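Chain by chain, the residues run as shown.
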Amino acid sequence: MKPLDHLEHLDKHLVDELAQVARETVRDELREQTRKQRRKAALYAASGALALYAGAALALAVGLALALGLPDWAAALITAVILGALAFVLRGMARPSRPGADHAAGTAPDADSARQTAAGTVGGMPYPPPVPPAPPAAAAPGPVPPRPSQAPDVPRRGA
């Protein structure tokens, strides 16, 4: 038996123990983060539900106000049309604009929006990549090696 064999066992035991501590620490941190995120998600869900009820109450109020001067069915129909128009406008605002929207609208795009359109369609970037204001400074000029008279790997054409 070699004199360092017992140290290998200690090293393995130490590595196993450190790995176990690291796993428990990471597990505890993730548990804490998910607890905070669950609470935040629940608050957002409650906020959305209350906003939905507030919108329904507003639609009811508009319908009741219209019902004072109109028949009930007409007030309900007008309220439904208003809500439908608002939904259509909000859906249009949520859609991303198409690259050719400037041309379809009949407006002439300036150079900047043309670059943005080209960058958006070619590279998928919403804006052009940054360009340095001046070309990079050339290295100190040195001797230029002479150019070979013919490329070695290109076959020569005979005349």
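Values in this document were obtained by computation on a predicted structure and should not be read as measured data.

> What am I meant to see in the overall build of the protein chain here?
A tally of helices and strands in the protein chain yields four helices and zero strands. When the helices and strands of the protein chain are listed from N to C terminus, the series reads α-α-α-α. Of all 159 residues assigned to the protein chain, the portion counted as buried reaches 4%. Of the roughly 14,400 Å² of accessible surface on the protein chain, a fraction of 67% belongs to carbon and sulfur atoms.

> What should I look at first to understand the environment of Ala-65 in this one?
With respect to the secondary-structure elements, Ala-65 resides in helix 1 (residues 5-67). The class of Ala-65 is partly exposed, set by a relative accessible area of 49%. Spatially, the C-alpha atom of Ala-65 lies 8.1 Å from that of Ala-75, the residues being ten residues apart in sequence.

> Sorry if this is basic, but what is going on with the pattern of salt bridges here?
Using the criterion set out here, one finds three salt bridges in the structure. Among the ionic pairs, Asp-16 bridges to Lys-12, the shortest N-O distance being 3.7 Å. One end of the pair is Asp-16 and the other is Lys-12, both in helix 1 and four residues apart, which spans about a single turn. Judged by relative accessible area, Asp-16 falls into the partly exposed class, the value being 42%. One salt bridge connects Asp-28 with Arg-31, and the closest N-O pair in it is separated by 3.5 Å. With a gap of three residues between them, Asp-28 and Arg-31 both fall in helix 1, about one helical turn apart. Given a relative accessible area of 42%, Arg-31 falls into the partly exposed group.

> Please explain a nonpolar patch on the surface as it appears in this structure.
A surface patch of nonpolar side chains, about 570 Å² in accessible area, is lined by Leu-58, Val-62, Leu-70, Ile-78, Ile-82, Leu-83 and Leu-86. Elements represented by at least two residues in the nonpolar patch include exactly helix 1 and helix 2 (72-94). Positionally, Leu-70 belongs in the loop between helix 1 and helix 2. When its relative accessible area of 34% is taken as the criterion, Leu-70 is described as partly exposed.

> Where do I start with the confidence of the model for the protein chain in this structure?
For any part of a model where pLDDT is low, the fine detail of the predicted coordinates should not be relied upon. Mean pLDDT over the protein chain works out to 75, with 61% of the residues at or above the 70 mark. When pLDDT is averaged over each helix and strand of the protein chain, the minimum, 49, is found for helix 4 (residues 111-122) and the maximum, 87, for helix 2.

> How should helix 2 be read in this particular structure?
The α-helix winds at 3.6 residues per turn, so residues separated by three or four positions along the chain end up facing the same way. Between its terminal C-alpha atoms helix 2 stretches 33 Å, which fits the 33 Å expected from 23 residues at 1.5 Å a residue. Restricting attention to buried positions, one finds in helix 2 the residues Ala-74, Ala-75 and Thr-79.

> Mind showing me how you'd approach the side chain of Thr-79 here?
Tracing the backbone shows Thr-79 in helix 2. Side-chain polar atoms of Thr-79 contact the backbone oxygen of Ala-75, separated by 2.8 Å. In this structure, Thr-79 is in contact with Ala-59, Val-62, Gly-63 and Leu-66, ignoring residues within four places of it in sequence.

Rules and cut-offs
- Residues numbered from 1 in each chain as written.
- Predicted model: local features only at pLDDT ≥ 70, side-chain atom pairs only at ≥ 80, totals over all residues.
- Heavy atoms only, no water.
- Helix = DSSP H or I, 4+ residues; strand = E, 2+ residues; numbered from the N terminus.
- Buried < 20%, exposed > 50% of the residue type's maximum accessible area, 1.4 Å probe, protein only.
- Areas by Shrake-Rupley, 256 points an atom, 1.4 Å probe, with all protein chains shown as cover.
- Salt bridge = Lys/Arg side-chain N within 4 Å of Asp/Glu carboxyl O.
- Patch = residues over 30% accessible without salt bridge, like charges linked within 9 Å, V, L, I, M, F, W, Y side chains within 5 Å.
- pLDDT = per-residue confidence, 0-100.
- Expected span 1.5 Å × (residues − 1).
- Polar contact = N/O pair within 3.5 Å; in protein donor to acceptor, adjacent residues only side chain to side chain.
- Contact = heavy atoms within 4.5 Å.

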